[in-house]
Amino acid sequence: MAANSFMVPLGTPAPGFDLTAISGGSVSLLDLKGSPATLVVFLSNHCPYVRHIEQGLGRLAADYGSRLSIVAICSNDSVTYPDDDPTHLAEQAARAGFTFPYLLDDTQEVAKAYRAACTPDFFLYDAHFKLAYRGELDGARPGNDVPVTGSSLRAAIDAVLSGEPVNSDQSPSMGCGIKWKPGNAPA
């Protein structure tokens, strides 16, 4: 069943994290300090909504290069959903052309802190780690004829990078709900 972003209030500070990367080592929010913009994306490998946009996200990352820090986080229960285990996430990263760290939120505490609701769920922060955008990549969804361009997110990134205000009229992302471990779903 499809779920929508919670649409966290703009200006909310980015919650800290220090998570293991699928490629080894760890990445923390503080490792991204100094970037003019930071994108935190909650993803999964098995979700058809993510599969539909993953190539577009890979292109977006390539287009913005070092002007934008990106991290992807998988918070899904990989025991119940083994397609979201580190091996399968690495396959996804290669398939989609992800050049950014893909992190594992095994405790699901980071997803709770960000109020992530679905995969994909996008959170764009300015240089001070204040939320500037949350919502959709663009209007493309599985089964509709809208091309995957990243237009909604690209407009927000361009505004943040140019020091302009981001349009506050933002549409929620839609995707598969986070696959919470038994008893772990937020209240």
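Look above for the structure.
Residues numbered from 1 in each chain as written. Predicted model: local features only at pLDDT ≥ 70, side-chain atom pairs only at ≥ 80, totals over all residues. Heavy atoms only, no water.

Student: For this particular structure, what's the right way to read unusual backbone geometry?
Tutor: Most peptide bonds take the trans configuration, and most residues that are not glycine carry a negative phi. Note the cis peptide between Thr 119 and Pro 120, where omega equals 0 degrees. Along the chain, Pro 120 falls in the loop between strand E7 (118-119) and strand E8 (121-126). Despite not being glycine, Phe 129 has its phi angle at roughly 60 degrees, a positive value. Among the secondary structure elements, Phe 129 is positioned in the loop between E8 and strand E9 (131-135). (Helix = DSSP H or I, 4+ residues; strand = E, 2+ residues; numbered from the N terminus.)

Student: Would you take a moment to explain the sheet that holds E8 for this structure?
Tutor: Taking strand neighbours across the sheet as the criterion, the seven strands line up as E3-E2-E6-E5-E4-E8-E9 in an open arrangement whose pairing is mixed. Bordering the open sheet on either side are strand E3 (26-28) and E9, each of which pairs with just one other strand. Here the strands of the sheet are splayed against their neighbours by 30 degrees on average, with no regard to which way each runs. Relative to strand E4 (residues 37-42), helix H1 (residues 48-64) is tilted by about 165 degrees, and along the sheet it contacts E4, strand E5 (69-74) and E8. (Pairing = 2+ DSSP bridges. Axes fitted to C-alpha atoms, helices over the stretch in contact; angles between N-to-C directions. Contact = heavy atoms within 4.5 Å.)

Student: It is not clear to me how the environment of Leu 68 should be interpreted in this structure. Could you clarify?
Tutor: Turning to its location among the elements, Leu 68 is positioned in the loop between H1 and E5. Residue Leu 68 is classed as buried on the basis of its relative accessible area, which comes to 6%. In this structure the C-alpha to C-alpha distance between Leu 68 and Ala 155, which are 87 residues apart in sequence, comes to 13 Å. Not counting residues within four places of it along the chain, the set of residues in contact with Leu 68 comprises Ser 35, Ala 37, Thr 38, Leu 39, Leu 60, Leu 124 and Ile 157. (Buried < 20%, exposed > 50% of the residue type's maximum accessible area, 1.4 Å probe, protein only.)

Student: What should I look at first to understand the pairing of E9 in this one?
Tutor: Summarising burial for E9: five of the five residues are buried, a large majority. Between E8 and E9, which follow one another and run antiparallel, lie four residues, and Phe 129 among them has a positive phi close to 60 degrees.

Student: I keep staring at helix H4 (residues 151-161) and nothing clicks. Help me out?
Tutor: Owing to its 3.6 residues per turn, the α-helix brings residues three or four apart onto one side. Turning to H4, its buried residues number three or more, namely Leu 153, Arg 154, Ala 156, Ile 157, Ala 159 and Val 160. Structurally, H4 contributes buried residues whose contacts are with E4, H1, E8 and E9. Note on H4: the residue one or two positions beyond its end, Gly 163, has a positive phi of about 75 degrees.

Student: Explain the sheet that holds E7 to me, please; I cannot follow it from the model alone.
Tutor: As a general point, the strands of a sheet are linked pairwise by backbone hydrogen bonds and lie either parallel or antiparallel. Taken in spatial order, the three strands of this open sheet run E1-E10-E7, and their pairing is antiparallel. Among the strands making up the open sheet, the edge pair consists of strand E1 (2-4) and E7. Running over the sheet, H1 touches E1, E7 and strand E10 (174-177) and is turned about 135 degrees from E10.

Student: Quick question: what am I supposed to make of the packing of aromatic side chains here?
Tutor: The geometry of two aromatic rings is summed up by the distance between their centres and the angle between their planes. Evaluated as defined, the whole model comprises seven aromatic pairs. Between the aromatic rings of Phe 42 and Phe 123, the centroid separation amounts to 5.8 Å while the plane-to-plane angle is 85 degrees, which identifies the pairing as edge-to-face. Here Phe 42 is found in strand E4, whereas its partner Phe 123 is found in strand E8, with 81 residues between them in sequence. Comparing Phe 42 with Phe 123 shows no difference in burial state: the two are buried. One aromatic cluster in this structure is built from Phe 17, Phe 42, Tyr 114, Phe 123 and Tyr 125. Over the ring of Phe 6 we find Arg 115, and its NZ or CZ is 4.7 Å from the ring centre. (Phe/Tyr/Trp six-rings, centres within 6.5 Å; stacked < 30°, edge-to-face > 60°. Lys NZ or Arg CZ within 6 Å of the ring centre and 35° of its normal.)

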